[in-house]
Amino acid sequence: MQKARLLLHKEFRKAKIDPRIYGSFVEHMGRVVYTGIYEPGHPLADEEGFRKDVMEAVKEAGISIIRYPGGNFVSGYDWEDGVGPKDSRPVRLDLAWKSLETNQFGTDEFMHFVEKSGAEPMMAVNLGVNGIKDALHYLEYCNFPGGTKYSDMRKDHGVEEPYGIKTWCLGNEMDGDWQLGHKTAEEYGRLAQETAKAMKLMDPSIELVSCGSSLNTMATYPQWEATTLDYTYDYVDYISLHQYFDGHEKSFPAFLAQADEMNEFIENVGAVCDFIKTKKRSDKKLFISFDEWGVWTRHSDETVNECDANPWQEAPIISEMIYSFEDALLFGGMLMALIKNADRVKVACQSLLANISSMIMTRKGGEMWLQTIYYPFAQAARYARGTVLDTRLDCEKKVEDSKEIPLVDALAVENGKELVILAINRNDTEKVDFQIELEKYRPVEVKEHLMLHHENLQVTNEIDHDAVKPTHQNNCKILENKVELELNPASWNVIVIGVE
């Protein structure tokens, strides 16, 4: 049996976890909105057309913030199409996904959805085909009290009080040549700078997110960050990062170790932020909004992307991925990378909320079910609250392609009188004798050990919906200042320790 040791000390603390790290993302793409979160006429739809089964799953997942309306969609979106009486809203061509957008769900509906779900909104403005003026009009509609054209338009639509949306994204993935209105770093930097200045003149209370790299494999990374931040650093509060992983051609440990690559991505962009901070002789620390992340892979038969095969449909089927247990372990590792970097990452949005690379799946007119990746998210959002500790992990490693892969991934969070340990065994054949060594803490009891495990790495929840679910374990021992347990091969673990 392999061995691993996690050492943590009460005084070695990294940062308090921002609850907004447990966010998600709604885009007008495929069935995320229509027949995902919104389906008037469904047996479980409420009076506004929101699916109550999906709403309950969102609440149970602990989703804290939701980004909207895109995504690639936002770069061609006119927000005014999605407000006001529904019978007068236009149907538009959505060039991002080659579909028809009916605009029956828009800003006001989204704001009602996030209010009911208990999350807060994160809005994006169109810096693709639109620009500064459109961003100001949108902000005025949402946040200005009244007495002006767009604030009074909101009132005419039945919303008397301003929404007071705090967090705004300055466009989406503007480094990508797939983006409508794609720009060079210099072009985007100047536009984002001037948009940020104007928006904060109207509402100084808002926080702004400038576009960072769409992937860590972009040819312009990390120069994109350095160039754009030269313009925007003094005016924005966050820079965004996006990352998706597939890689099933890799070995099991290497597949899961892509989470370490995400950790490196965060550290490198943080270093660029600090370089610009030093260059500008600034006292301000810039944070990261990792507002798109997820696993981009498939374990069922490849679904035809209807936007390619038969374009200009309403809510076409696009990238409706079915996740395996193995995918859930990578997903959990990616989430752990965000938590480990709580000193830099303050907002994060799992992509997407329903049906596309999603934790929650729906059938049109029918049932809802939870994917394997739902459980690591919901457990982390519930238990990993408080302060992430600066731990040291000693475990066996595997060398692959000249890289050392740690065969255990782990972190610790202090939450009042509890320590929460998240741990993944990246070895798919051997158990791990896992020792948690506590300094300046006295363990009193192990309150919980939840495990996600299945003998079949490729099993999904698609058919019976219950194949992969967390189970309660009872194999932890307290020995003075240590807690010992065994980690099953290929397993996700949450250990809650009561301490003094």
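Residues numbered from 1 in each chain as written. Predicted model: local features only at pLDDT ≥ 70, side-chain atom pairs only at ≥ 80, totals over all residues. Heavy atoms only, no water.

Visitor: Explain the pairing of strand 22 (residues 432-439) to me, please; I cannot follow it from the model alone.
Guide: Looking down a regular strand, the side chains alternate between one sheet face and the other. Most of strand 22 sits out of view: 7 of its 8 residues are buried. By the bridge criterion, 8 bridges tie strand 1 (residues 2-9) to strand 22 in an arrangement that is parallel. Paired with Arg-5 across the strands is Gln-435, a residue of strand 22. By the bridge criterion, 6 bridges tie strand 22 to strand 26 (residues 482-487) in an arrangement that is antiparallel. Residue Glu-437 lies in a different strand from strand 26, and its bridge partner there is Lys-482. (Buried < 20%, exposed > 50% of the residue type's maximum accessible area, 1.4 Å probe, protein only. Helix = DSSP H or I, 4+ residues; strand = E, 2+ residues; numbered from the N terminus. Pairing = 2+ DSSP bridges.)

Visitor: Which parts of the structure should I look at to understand the environment of Ala-96?
Guide: Within the fold, Ala-96 resides in the loop between strand 5 (92-94) and strand 6 (99-101). Accessibility expressed as a relative area gives 25% for Ala-96, which makes it partly exposed. Spatially, the C-alpha atom of Ala-96 lies 45 Å from that of Leu-419, the residues being 323 residues apart in sequence. Residues contacting Ala-96, with those up to four places away along its chain left out, are Asn-72 and Phe-73. (Contact = heavy atoms within 4.5 Å.)

Visitor: Would you mind going over the packing of aromatic side chains with me for this structure?
Guide: The geometry of an aromatic ring pair comes down to the distance between the two centres and the angle between the two planes. Using the criterion set out here, one finds 19 aromatic pairs in the structure. A ring pair is formed by Tyr-68 and Phe-105, whose centres lie 6.0 Å apart and whose planes are at 70°; its orientation type is edge-to-face. Of this pair, Tyr-68 sits in strand 4 (residues 65-68) while Phe-105 sits in the loop between strand 6 and helix 2 (107-117), placing them 37 residues apart in sequence. Each member of the pair, Tyr-68 together with Phe-105, is buried. The interplanar angle of 80° and the centroid separation of 5.7 Å between the aromatic rings of Tyr-374 and Tyr-375 together place this pair among those described as edge-to-face. Each member of the pair, Tyr-374 as well as Tyr-375, carries the same accessibility label: buried. Put simply, the rings of Tyr-34, Tyr-38, Phe-50, Tyr-68, Phe-105, Phe-110 and Phe-113 touch in pairs and so form one group of aromatic residues. Across from the ring centre of Phe-25, 4.5 Å away, lies the NZ or CZ of Arg-67, which sits over that ring. Positioned above the aromatic ring of Tyr-233 is the side chain of Lys-284, whose terminal nitrogen or guanidinium carbon lies 5.4 Å from the ring centre. (Phe/Tyr/Trp six-rings, centres within 6.5 Å; stacked < 30°, edge-to-face > 60°. Lys NZ or Arg CZ within 6 Å of the ring centre and 35° of its normal.)

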